Amino acid sequence: MTVTEPAPPVAPVPPLAARARTVGGSPVRDILAVTARPEVINFAGGLPAPELFDREGIAAAFREVLERESARALQYSTTEGEPTLRTGLAARITAQGLPTDADDLLITTGSQQALSLLATALLDPGDTVLVEDPCYLAALQVFGLAGARVLPVPGDADGVDPQALEDLVTRECPKLLYLVPTFQNPTGRTMPSTRRAAVASVAARTGVWLVEDDPYGELRYEGERVPWIAAHPGAEDRTVLLGSFSKVMAPGLRLGWLRAPAGLRRGCAVGKQAADLHTPTLNQLAAARYLDVLDAHVAKVRAVYGERRDAMLAALPGSLPPGSTWNRPEGGMFLWARLPETYDTTALLPRAVEQDVAYVPGAPFYAGEPDRSTLRLCFVTQTPEEIGEGLRRLARGLKG
């Protein structure tokens, strides 16, 4: 008779870190997964229009790099980034009104990584971060994973209120203030120059880091360029400027950048060494070559996106319920709408999806009490004809 030995006890593995258990995923990406069917007209994503990618120009840049300097392109690189890209990017930033040297920049794997590196370099669990309300979703995710206490700053159509900001900084002693001043995600609003100067002055008086995220600034369809906060007196030694090639070149390249004072930049570089050593060399060198034609490409993108914004603005009056309001963004990718207060855009989203159209409810963008009647619409991915049809579907979905 064979005696079966009892199976040895198996202990459970340790749990996930508290931050991984408590911080949720991105609601936008959850919506995109649900609405991936090709028949859905999707106003939910923040995706550039793929038909506008300069496939030939980017391919030519990669070919040239691989033909002329393949050994360098396929090798490890410095954490700070390829000198040719940093030099070209510094010249571009300087030409746009902010004197910058190559050594002022750290190349990152998308500007989203720059946010993560800043959280690593600046934030200890329990530190306070101030944000706009509503705020870019993935920034809230980064600060949540860092264990930060996130507080919204009251504001208006021009952005955060400087007096409310000063009161909060004095009372709460935050480490940083995070802003998207130009064509903000999700609202599309742009902070005027006078408000930027006031915010810079508050930072100078109270001693707080300013993180100025600018992924959309080159996508302007009307009006005049507004100088970065980083260019205002008082902000020079305490502003971190973030930028990205995702919206003007291609998001698949995963190329962003961070401009910061030397000490903080060094801290971010150490964090990047621990994260990924460096951003892919080949992508950096190809982007450096593509800078020569980037302005011409961006001009084409602006023309198309401007038409699409206008198409959405023209169709909204007949598509949203009476009493709704919305803004007219001067650029960027997003339009923000507020329905009458009896509407809950989160509860209404399934009805819209039944009509084969999608949007992002506004509630997840708020660090404070959410306005559940709000929603974000992305206007750049669809043609004017698709935008018109999508808004007709949305009108049916909101009627329920």
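The structure presented is a predicted model; accordingly, all values stated were derived computationally and were not measured.

Rules and cut-offs
Residue positions within a chain follow its written sequence, with the count starting from 1. In keeping with the predicted nature of the model, local features appear solely for residues at pLDDT of at least 70, side-chain atom pairs appear and are counted solely at 80 or more, and the whole-chain, interface and lining totals rest on all residues. Where side-chain values are given, they derive from all heavy atoms of the structure, hydrogens and water being excluded. Secondary structure counts use DSSP, requiring at least four H or I residues in a row for a helix and at least two E residues in a row for a strand, with both numbered from the N terminus. All radius of gyration figures rest on C-alpha atoms, and the globule criterion is 2.2 Å times the number of residues raised to 0.38. Think of it in three bands: with a 1.4 Å probe and only protein chains considered, a residue is buried below 20% of the maximum accessible area for its type, exposed above 50%, and partly exposed in between. Contact criterion: two residues are considered in contact whenever any of their non-hydrogen atoms come within 4.5 Å of each other. The method behind every accessible area is Shrake-Rupley, applied with a 1.4 Å probe, and residues are considered shielded solely by the protein chains displayed. We place a 1 Å grid over just the protein atoms. Points where a 1.4 Å probe fits but has no way out form a cavity, open points with protein on both sides within 12 Å along at least 5 of 7 lines form a pocket, and any residue with an atom within 4 Å of a point lines it. Grid points are joined across faces, edges and corners, and a volume is the space filled by probe spheres set on the points. Under the scheme applied here, ten amino acids are nonpolar (Ala, Val, Leu, Ile, Met, Phe, Trp, Tyr, Cys and Pro), four are charged (Asp, Glu, Lys and Arg), and all others, including Gly, are polar. Identification of polar contacts relies on pairs of N or O atoms within 3.5 Å, with a donor-acceptor requirement for protein atoms, meaning one able to donate a hydrogen and the other able to accept it, and with residues adjacent in sequence counted only if both atoms are side-chain atoms. Expected helix span is computed as 1.5 Å times (number of residues minus one). Within this analysis, the arc is defined by the directions that extend from the helix axis to the C-beta atoms. Note on definitions: salt bridges are taken to be side-chain nitrogens of Lys or Arg within 4 Å of carboxyl oxygens of Asp or Glu. Strands are labelled as partners when DSSP assigns at least two bridges between them. Note on geometry: axes are lines fitted to C-alpha atoms, helical ones only across the stretch in contact, with angles between N-to-C directions running from 0 to 180 degrees.

Caption draft 1: Summary view of the overall build of the protein. Along the backbone of the protein there are twelve helices and 15 strands. Computed over its C-alpha atoms, the radius of gyration of the protein comes to 23 Å, within 12% of the 21 Å expected for a compact globule of 400 residues. Across the 400 residues that make up the protein, the buried fraction comes to 53%. Restricting the contact set of the protein to residue pairs at least 6 apart, pairs at least 24 apart contribute 74%. Taken as a whole, the protein presents about 17700 Å² of accessible surface, with 55% of it coming from carbon and sulfur.

Caption draft 2: Fine view of empty space enclosed by the protein. Tallying each qualifying case throughout the model produces three cavities of 30 Å³ or more. Space inside the largest cavity adds up to approximately 160 Å³. What lines the largest cavity is a set of 15 residues, among which Gln 96, Asp 214, Glu 218, Ser 244 and Trp 257 lie closest to the centre. Listing elements by their share of the lining of the largest cavity, those giving two or more residues are helix H4 (83–95) and strand S9 (239–244). Take the lining of the largest cavity: its biggest share by element is three residues, from H4. Classifying every residue of the lining of the largest cavity gives seven nonpolar, four polar and four charged.

Caption draft 3: Broad picture of the side chain of Asp 127. Within the secondary structure, Asp 127 is located in the loop between helix H5 (111–122) and strand S3 (128–131). Only 2.7 Å separates the side chain of Asp 127 from the side chain of Lys 175, close enough to count as a polar contact. Those residues in contact with Asp 127, other than ones at most four positions away along the chain, are Leu 122, Ala 148, Arg 149 and Lys 175.

Caption draft 4: Structural detail: helix H8 (residues 193–206). Here H8 is 14 residues long and its end C-alpha atoms lie 20 Å apart, about the 20 Å a rise of 1.5 Å per residue gives. Among the residues of H8, Arg 195, Arg 196, Val 199, Ala 200, Val 202 and Ala 203 are the ones counted as buried. One side of H8 holds all its buried residues, which, seen down the axis, span an arc of 155 degrees. In H8, the exposed residues that point more than 90 degrees away from the buried face are Thr 194 and Arg 205. Looking one or two residues beyond H8, the residue adopting positive phi is Gly 207, at roughly 75 degrees.

Caption draft 5: Highlighting the layout of surface pockets. Approximately 270 Å³ is the volume attributed to the second largest pocket. What lines the second largest pocket is a set of 15 residues, among which Ala 157, Thr 187, Arg 189, Asn 327 and Arg 328 lie closest to the centre. Looking at the lining of the second largest pocket, the elements that each hand over two or more residues are strand S11 (325–326) and strand S12 (334–338). By residue number, the principal contributor to the lining of the second largest pocket is S12, which donates three residues. Tallied by class, residues from the lining of the second largest pocket come to five nonpolar, five polar and five charged.

Caption draft 6: Molecular detail of the pattern of salt bridges. Under the criterion given, the structure shown has 27 salt bridges. Across the salt bridge formed by Glu 39 and Arg 37, the nearest N and O atoms sit 2.8 Å from each other. Judged by relative accessible area, which is 39%, Glu 39 ranks as partly exposed. Across the pair Arg 92 and Asp 295 runs a salt bridge whose closest N-O atoms are separated by 2.7 Å. One end of the pair, Arg 92, is in helix H4; the other, Asp 295, is in helix H10 (residues 281–315), with 203 residues separating them in the sequence. Through salt bridges that share partners, Glu 64, Arg 68, Glu 69, Arg 72, Glu 82 and Arg 289 make up one connected network.

Caption draft 7: Structural view of the side chain of Gln 382. Its location among the elements puts Gln 382 in the loop between strand S15 (374–378) and helix H12 (384–399). For Gln 382, a relative accessible area of 8% puts it in the buried group. Reaching out from Gln 382, the side chain makes a polar contact with the backbone oxygen of Asn 42 at a distance of 3.2 Å. With residues near it in sequence (within four places) discarded, Gln 382 still touches Ile 41, Asn 42, Phe 43, Arg 308 and Ile 387.

Caption draft 8: A look at the sheet that holds strand S4 (residues 149–152). Taken in spatial order, the seven strands line up as S2-S10-S9-S8-S7-S3-S4 in an open sheet, and their pairing is mixed. Every interior strand has two partners, whereas the edge strands, strand S2 (105–108) and S4, have only one. Put simply, the sheet's adjacent strands are angled 20 degrees from each other on average, direction ignored. One ladder, built from four bridges, connects strand S7 (residues 176–179) with strand S8 (residues 209–213); its direction is parallel. Bridged to Leu 179 within S8 is Glu 212. Sheet contacts for H4: S2 and strand S10 (256–259); angle to S2, the most-contacted strand, approximately 115 degrees. Set on the sheet, helix H7 (residues 162–172) makes contact with S3, S4 and S7; between it and S3 the angle comes to about 175 degrees.

Caption draft 9: Main features of the sheet that holds S15. The strand order across the open sheet formed by four strands is S11-S12-S15-S14, and the pairing between neighbours is antiparallel. Whereas interior strands pair on both sides, the edge strands pair on one side only; in this sheet they are S11 and strand S14 (360–361). Bridging between S14 and S15 involves two bridges; their strand directions are antiparallel. Paired with Pro 361 across the bridge in S15 is Leu 375.

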